[in-house]
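Tertiary structure, described
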Amino acid sequence: MKWTVDRYPPEPSRRAVLRGALAAGAALAVSGGVSSCGSREDAPRTAAGDQWRQFQGATLNFISENTAPTAAIAANTRPFSDLTGIEVRIVTLELTALVQRVALDLASGRAQYQVIYADPYQVLAPYQRGLVDLRTLQADPNLPDLPGGVADFIPAQMDAAGRFVDPQAVYALPYDAPTMIWQYRRDLFDKYRDRMADDLGFDPTPSSARTWEEYFGIAQWFNKNATSDVRYGTGHQARQHDSLMNDFSNVLWSYGGDYFDNGKQVGRLGSRDPGPCRLDSAAAIAGAEFYQRLLSIADPASTTWDWDGVGAAFRGGRLAMCPNWHEFAASNEQVMPGKVSYSALPRGPVSTANMYGGTGLGISANTLPHERGAAWLFLVWATSPGTQLANLKSKAGGGTPTRTSVYELPEVRAAEKRPSPMPNMLTAAAVREAWQADRIGLRPKIPMWNECNTAIFTQLSRMLTGGASPEEAMRSIKSRVDQIVARGWVA
């Protein structure tokens with residue numbers, strides 16, 4: 001597998017990185033820390049093992065969104081406790097509630113939560129100064145090394161989920177990597193492919209070579225010709241919610257529009273002052289016009305759905321296809337085994353883009369020294385190759401790895417084909433393509449993003465319900481975002 005991405009700072013050779021990460025992961029597995037098949041009853045007794053026992057008796061509080069990898073870890077924290085003697089208490093919340101709780105905790109000056117699920121846009125960017133620069137812990141000779149170093153993490157994800165403005169500092173380690181891709185009923189495409197190709201004049205097989213206009217044509221064809229098998233050709237997460245911004249952004253970027261100048265840089269490393277909003281550009285308005293037209297033929301319930309809603313509709317047999325987060329593959333396979341396939345999203349007139357929604361794990365800067373060290377042990381363990389492999393296999397969770405070395409493991413490669421014991425790996429080819437530097441979709445990583453996001457999905461919702469034209473909606477968003485950014489920058 002190749003990750004065609006640039007790297008910020010220069011890194012050692014990929015082969016050396018893989019050897020180091022896999023060797024370190026194997027060493028942790030021997031000690032019981034990351035075994036995918038249970039934990040050792042005895043604590044490590046080597047000199048290296050002493051590093052893992054130095055905070056035994058401590059308790060860590062980990063606050064997280066209710067995500068697949070956290071569900072897997074919460075179902076079995078014993079490997080970490082056996083390795084370290086540290087108890088981990090996990091609190092899972094919906095993202096908005098998590099952000100509020102973290103903001104209050106960071107402002108308090110004390111760390112109720114030592115380990116933080118640091119969403120790049122709602123936690124890392126606005127509260128970066130409240131997080132520890134993890135380089136200080138990686139450099140501490142009394143603490144375990146990070147297996148493979150930061151170089152083993154997929155570089156675009158390391159920057160997007162772990163850094164803010166400074167290309168060297170590391171405030172979080174990539175922990176999950178949900179990415180929007182094209183999910184479709186392979187059984188229905190197989191059944192109707194020849195008829196669709198004759199009627200539409202192109203091969204309808206989903207791939208990133210397809211265009212959004214072709215996606216529109218396929219959806220409309222299903223609406224008219226396959227009602228005995230499926231009610232609608234497409235559905236979307238177009239509720240007045242963060243999900244609407246995510247769904248729309250894929251189209252916006254593919255039409256050449258963006259939220260700010262230097263959009264890839266603002267998305268990847270972030271900015272405290274991104275400049276004026278560019279949603280009033282001709283390209284952005286054209287993208288909004290297409291999105292409005294696409295939603296006009298989609299399942300009408302789309303405007304009531306977030307990602308869970310459209311995922312349930314797809315699994316329920318209501319839709320022939322939809323854009324959604326790739327980690328829904330596990331539940332798709334439970335309900336419709338063998339019937340679903342995956343592709344990177346279509347391209348637009350200018351480019352292609354697949355929204356990335358990954359998050360990292362950070363440590364509160366309010367932690368006391370012993371808490372900080374214990375929290376580092378948890379971050380090293382929770383993001384290690386062995387734990388990521390165990391999460392892939394977990395019946396309680398899933399998620400997908402953020403480390404290149406895990407994707408190189410023979411059993412993980414084999415799981416890309418059915419029957420797969422790790423169903424999220426069925427999306428590997430699609431996300432591998434989606435994570436390339438010129439294809440990954442990165443929303444603006446700015447301190448005031450949460451308020452900007454609300455302005456964006458509010459006006460998009462007005463557009464979809466007939467309250468504003470695409471041009472009016474885009475210009476209204478631009479005006480509001482400029483106000484928010486100016487106020488935030490002055491502050």
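Rules used in this analysis
Residues numbered from 1 in each chain as written. Predicted model: local features only at pLDDT ≥ 70, side-chain atom pairs only at ≥ 80, totals over all residues. Heavy atoms only, no water. Helix = DSSP H or I, 4+ residues; strand = E, 2+ residues; numbered from the N terminus. Buried < 20%, exposed > 50% of the residue type's maximum accessible area, 1.4 Å probe, protein only. Contact = heavy atoms within 4.5 Å. Areas by Shrake-Rupley, 256 points an atom, 1.4 Å probe, with all protein chains shown as cover. Salt bridge = Lys/Arg side-chain N within 4 Å of Asp/Glu carboxyl O. Pairing = 2+ DSSP bridges. Axes fitted to C-alpha atoms, helices over the stretch in contact; angles between N-to-C directions. Expected span 1.5 Å × (residues − 1). Arc of directions from axis to C-beta. Polar contact = N/O pair within 3.5 Å; in protein donor to acceptor, adjacent residues only side chain to side chain. Core = buried A, V, L, I, M, F, W, Y, C linked by side-chain atoms within 4.5 Å. pLDDT = per-residue confidence, 0-100. Parallel < 35°, antiparallel > 145°, perpendicular 65-115°, else oblique.

1. As for the overall build of the protein
Within the protein one finds 22 helices and eleven strands. Per-residue burial for the protein yields a buried fraction of 59% across its 491 residues. Taking the intrachain contacts of the protein between residues at least 6 apart in sequence as the baseline, contacts between residues at least 24 apart amount to 77%. Accessible surface, the protein as shown: approximately 18400 Å² in total, 50% of it carbon and sulfur.

2. Observations regarding the pattern of salt bridges
What the rule picks out here adds up to 24 salt bridges. Across the pair E408 and R413 runs a salt bridge, and its minimum N-O distance is 2.6 Å. The partner of E471 in a salt bridge is R475, with the nearest N and O atoms 3.1 Å apart. Taken together, the residues E471 and R475, both in helix α22 (residues 470–490) and four residues apart, mark about one turn of the helix. According to the relative accessible area criterion, E471 is partly exposed, its value standing at 38%. When its relative accessible area of 41% is taken as the criterion, R475 is described as partly exposed. Residues joined by salt bridges that share partners form a network here, namely D159, R163 and R268.

3. A closer look at the sheet that holds strand β2 (residues 87–93)
If you walk across this open sheet you meet the five strands as β2-β1-β3-β10-β4, and the pairing is mixed. The open sheet has two free edges, formed respectively by β2 and β4 (173–176), since each of these has just one partner strand. Taken over all neighbouring pairs, the strand axes of this sheet differ in orientation by 30 degrees on average, direction set aside. Of the pairings in the sheet, the one linking strand β3 (residues 115–118) to strand β10 (residues 359–363) comprises four bridges and is antiparallel in character. Across the sheet, Y117 pairs through a bridge with L361, a residue of β10.

4. Quick word on unusual backbone geometry
Among all residues except glycine, the phi angle is most often negative; among peptide bonds, the trans geometry is most common. Note that the residue after R418, namely P419, is joined by a cis bond; omega there is -10 degrees. Summarising the element assignment, P419 is placed in the loop between α19 (410–414) and α20 (428–434). Positive phi, normally seen in glycine, also occurs at V165, with a value near 70 degrees. Examined against the element boundaries, V165 turns out to sit in the loop between α8 (155–162) and β4. The partly exposed category is assigned to V165, whose relative accessible area is 34%. In the Ramachandran plot, N262 falls in the positive-phi region, its phi being about 55 degrees despite a non-glycine side chain. You can see N262 is positioned in the loop between α11 (242–254) and α12 (263–268). Exposure remark for N262: the relative accessible area of 62% places this residue in the exposed category.

5. Brief notes about helix α5 (residues 95–108)
Between its first and last C-alpha, α5 extends 20 Å over 14 residues, near the 20 Å set by a 1.5 Å rise per residue. Listed in full, the buried residues belonging to α5 are L95, L98, V99, V102, D105 and L106. In a view along the axis of α5, the buried residues occupy a sector of 135 degrees, so they form one face of it. In α5, the exposed positions angled more than 90 degrees off the buried face are occupied by Q100, L104 and A107. Buried residues along α5 sit in contact with β1 (59–65), β2, β3 and α6 (120–127). Sitting at the head of α5, E94 places a side-chain oxygen 3.0 Å from the backbone nitrogen of T96.

6. Here we look at the environment of T92
For T92, the location among the structural elements is in strand β2. With residues up to four places along the chain from it excluded, the contact list for T92 reads S64, E65, N66 and T70.

7. Comments concerning the nonpolar core
Among soluble globular proteins, nonpolar side chains are generally buried collectively. In terms of nonpolar packing, the biggest core is built from 98 residues, with F222, Y259, Y291, Y356 and M474 touching the most fellow members. Aside from chain neighbours lying at most four places away, what touches Y291 is A238, L244, D247, F248, V251, M463 and L464. V88, V102, L379 and A382 belong to the second-largest nonpolar core, a separate cluster that totals 51 residues.

8. Thoughts on the confidence of the model for the protein
Looking at the protein as a whole, the pLDDT averages 90, with 89% of positions reaching at least 70. The low-confidence segment residues 1–27, where pLDDT is below 50, has 56 contacts with residues more than four positions distant or belonging to other chains. Low pLDDT, under 50, characterises residues 29–48; the predicted model gives this stretch 34 contacts beyond four residues in sequence or across chains.

9. With respect to the packing of helix α9 (residues 186–200) against helix α10 (residues 212–225)
Remark: α9 packs on α10, axes separated minimally by 11 Å, with the N-to-C direction vectors making an angle of 105 degrees. The angle between α9 and α10 falls in the class roughly perpendicular. Together, L188, F189, Y192, R195, M196, D199 and L200 of α9 and G217, I218, W221, F222 and N225 of α10 make up the contact between the two elements.

10. Brief notes about the sheet that holds strand β8 (residues 340–343)
Spatial strand order, β6-β7-β5-β8: four strands in an open sheet with mixed pairing. Bordering the open sheet on either side are β6 (232–234) and β8, each of which pairs with just one other strand. Sheet twist, expressed as the mean angle between neighbouring strand axes with direction ignored, is 25 degrees. Bridge analysis of β6 against strand β7 (residues 319–325) gives two bridges, and the strand direction is parallel. If you follow Y232 over to β7, its bridge partner there is L319. Sheet strands touched by α9: β5 (180–185), β7 and β8. Its angle to β5, the strand with the most contacts, is close to 60 degrees.

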